[in-house]
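Inside the fold
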Amino acid sequence: MEAYSGSPRRGWKKWLLNRFVLVPAAILAVAGAWDLYASTHDDGLVTGQVLDAQGKPVEGADVTLWVFSFTTFAENRSVKTGADGSFRITGNPSHHIQLSAVKPGIGSSQRIPIRLYFRSQNTTLTAPLVLSGKG
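The structure reproduced in this document is the subject of the present report. (Residues numbered from 1 in each chain as written. Predicted model: local features only at pLDDT ≥ 70, side-chain atom pairs only at ≥ 80, totals over all residues. Heavy atoms only, no water.)

**So, the pairing of strand β3 (residues 72-80)**
Short version of the rule: Strands are treated as partners if at least two bridges between them are detected by DSSP. The secondary structure listing takes helices from DSSP runs of H or I that are at least 4 residues long and strands from runs of E that are at least 2 residues long, numbered from the N terminus.
Relative to β3, strand β2 (residues 62-69) runs antiparallel, the two being bridged by eight bridges. Note that in β3 the partner of V63 across the bridge is V79. Hairpin connection of β2 to β3: two residues between the antiparallel strands, including F70 at a positive phi of 75°.

Next up, the structure:
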């Protein structure tokens, strides 16, 4: 009986620092943080900029969002760029998308593939869409 005697405080500390408590608690904390992040960043917002071959912003370019639909990419929605060449697409429903831009007389860009961590994740392009300069 003496082997198990000790202060109740020490018993609780030993119980709380047990791996069978710490590992599930850490997993729960990571999962909770991820859920919180995902729920606050799932508006389907895609932003970026369109530049011409010389690096100048292109106003009025059509930027198209392509969404993967099981076997192929289908055009989902299209927006026009503003005066500074920036665009803002709302309502992206997918996690596997492509973006392209075109403006008659200036050229078109290649489709840029984007993989997101979860559906409707907000994202900003790290590099602008560049029009080829071949009208």
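**Overview of the pattern of salt bridges**
Applied cut-off: Just to be clear on terms, a salt bridge is a Lys or Arg side-chain nitrogen sitting within 4 Å of an Asp or Glu carboxyl oxygen. The buried label goes to any residue with under 20% of its type's maximum accessible area, the exposed label to any with over 50%, and the partly exposed label to all in between, with areas taken from a 1.4 Å probe on protein chains only.
Applying the stated criterion to the full structure yields one salt bridge. A salt bridge links D62 to K80; the shortest N-O distance between them is 2.8 Å. Of the two residues, D62 sits in strand β2 while K80 sits in strand β3, which places them 18 residues apart along the sequence. Residue classification places D62 among the partly exposed positions, given a relative accessible area of 24%. Among the residues examined, K80 registers a relative accessible area of 53% and is labelled exposed.

**A word on unusual backbone geometry**
A positive phi angle, near 75°, is found at F70, a position not held by glycine. On the secondary structure map, F70 appears in the loop between β2 and β3. For F70, a relative accessible area of 76% puts it in the exposed group. Unusually for a residue other than glycine, S120 sits at a positive phi of about 60°. Considering the arrangement of structural elements, one finds S120 in the loop between β7 (112-115) and β8 (123-124).

**Observations regarding the packing of aromatic side chains**
Rules: The criterion for an aromatic pair is that two Phe, Tyr or Trp rings (for Trp, the six-membered ring) have centres within 6.5 Å, with stacked assigned to planes under 30 degrees apart, edge-to-face to planes over 60 apart and tilted to the rest.
If you walk through the whole model with that rule in mind, you get five aromatic pairs. Their ring planes at 85° and their centres at 6.3 Å tell us that W34 and Y117 sit as a pair that is edge-to-face. Taken as a pair, W34 in helix α2 (residues 19-40) and Y117 in the loop between β7 and β8 lie far apart in primary sequence, 83 residues in all. Exposure remark for W34: the relative accessible area of 40% places this residue in the partly exposed category.

**Considerations on the environment of D42**
Basically, it comes down to this: Whether two residues touch is decided by their heavy atoms; if any such pair falls within 4.5 Å, the residues are in contact.
With respect to the secondary-structure elements, D42 resides in the loop between α2 and β1 (46-51). A relative accessible area of 37% places D42 in the partly exposed class. Between the alpha carbons of D42 and P93 there is a distance of 9.4 Å; along the sequence they are 51 residues apart. Once residues lying within four places of it in the same chain are set aside, the contact partners of D42 are F118, R119, S120, Q121 and N122.

**Here we look at α2**
Counted only if it meets this: Helices are assigned an expected span. That span is 1.5 Å times one less than the residue count. Counted as a polar contact is a pair of N or O atoms within 3.5 Å, where, for protein atoms, one must be capable of donating a hydrogen and the other of accepting one, and residues adjacent in sequence contribute only when both atoms are in side chains.
Its 22 residues give α2 an end-to-end C-alpha distance of 31 Å, which sits within 8% of 32 Å, the value for a rise of 1.5 Å per residue. Measuring from the backbone nitrogen of F20 back to the side-chain oxygen at the start of α2 gives 2.9 Å, which picks out N18 as the cap.

**A look at the pairing of β2**
Pairing analysis gives six bridges linking β2 to strand β5 (residues 96-103), with the strands arranged antiparallel. Bridging from a neighbouring strand, D62 pairs with V102 of β5.

**A few points about the environment of S69**
Mapping S69 onto the fold places it in strand β2. As for S69 and K14, which are separated by 55 residues in sequence, their C-alpha atoms are 53 Å apart.

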